[in-house]
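# What the coordinates show
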Amino acid sequence: MSRAKILIAEDNPEGAELLEAYLDGADYDIETAIDGDDTLKKVQAFQPELILLDIMMPKISGFEVCKRLKAKAETRSIIVLMITALDQHHDIDRAVEAGTNDFLTKPINKMELLLRIKAALASRKHADPLEQTLAYIEGVQSAV
């Protein structure tokens, strides 16, 4: 079985390094992107199963990146976990409208991050979007 590919899209070098450190030792292939434009390019080249997507990025926001990915058949199935320092309800609403699978608020808790990644990747075995969502929720809740 091949290793899952995770793209870390984070414009802050320290934030990207922290996420990489959290994933160190886990069985994932990791690539990083520094802005929204770079993220879209890396998606085509790297073809990740999951993206840890910062919302506030230069060139193209995480909201717009997510919308573009979810609008295309070839990238629609990529799991997008948005990472944000924003905690206003309208920001969460915008993330959901953009098509995010879930979101994490900074500062990121390592165990929560690893749990959500594991649950999200495991949920991919379900072809039906509703079954996939239910499997993800069950995976997150079972570890709590």
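The shown structure was predicted, so the numbers you read here are calculated from the model rather than taken from an experiment. Sequence positions are assigned chain by chain, starting from 1 and proceeding in written order. Under the rules for a predicted model, residues below a pLDDT of 70 receive no local features and side-chain atom pairs below 80 are neither given nor counted, while totals for whole chains, interfaces and linings still include all residues. For the side-chain quantities, the full set of heavy atoms in the structure was used; hydrogens and water were omitted.

## Re the pattern of salt bridges
The test is simple: We count a salt bridge whenever a side-chain nitrogen from Lys or Arg sits within 4 Å of a carboxyl oxygen from Asp or Glu. Here a helix means four or more residues in a row that DSSP labels H or I, a strand means two or more in a row labelled E, and each is numbered from the N terminus. A 1.4 Å probe rolled over the protein chains alone gives each residue an accessible area, and that area as a share of the maximum for its type sets the label: buried under 20%, exposed over 50%, partly exposed in between.
Taken as a whole and judged by the stated rule, the model has 11 salt bridges. Ionic pairing is found between Arg-3 and Asp-27, a salt bridge with its closest N-O pair at 3.0 Å. In this pair, Arg-3 sits in the segment before strand S1 (4-9) while Asp-27 sits in the loop between helix H1 (13-23) and strand S2 (28-33), placing the two residues 24 residues apart along the sequence. Exposure remark for Asp-27: the relative accessible area of 52% places this residue in the exposed category. For Asp-37, the salt bridge identified is with Lys-41, shortest N-O distance 3.2 Å. Taken together, the positions of Asp-37 and Lys-41, both in helix H2 (residues 36-46) and four residues apart, correspond to about one turn of that helix. A residue is classified by how much of its surface remains accessible, and Asp-37, at 26% relative accessible area, is partly exposed.

## Thoughts on the sheet that holds strand S3 (residues 50-54)
Using the following cut-off: By this definition, two strands are paired if DSSP reports at least two bridges between them. Lines fitted to C-alpha atoms define the axes, with helix axes restricted to the stretch in contact, and inter-axis angles between N-to-C directions lie between 0 and 180 degrees. It only takes one pair of heavy atoms within 4.5 Å for two residues to be counted as in contact.
In space, the five strands of this open sheet follow the order S2-S1-S3-S4-S5, with parallel pairing throughout. One side of each edge strand has no neighbouring strand; the edge strands of this open sheet are S2 and strand S5 (102-105). The sheet shows a mean angle of 20° between the axes of neighbouring strands, direction not considered. Sheet topology places S1 next to S2; six bridges connect them, and they run parallel. Following the sheet pairing, Leu-7 is matched in S2 by Glu-31. Contacting S1, S2, S3 and strand S4 (79-84), H1 crosses the sheet at an angle of about 155° to S1. The sheet strands contacting H2 are S1, S2 and S3, and the helix crosses S2 at an angle near 150°.

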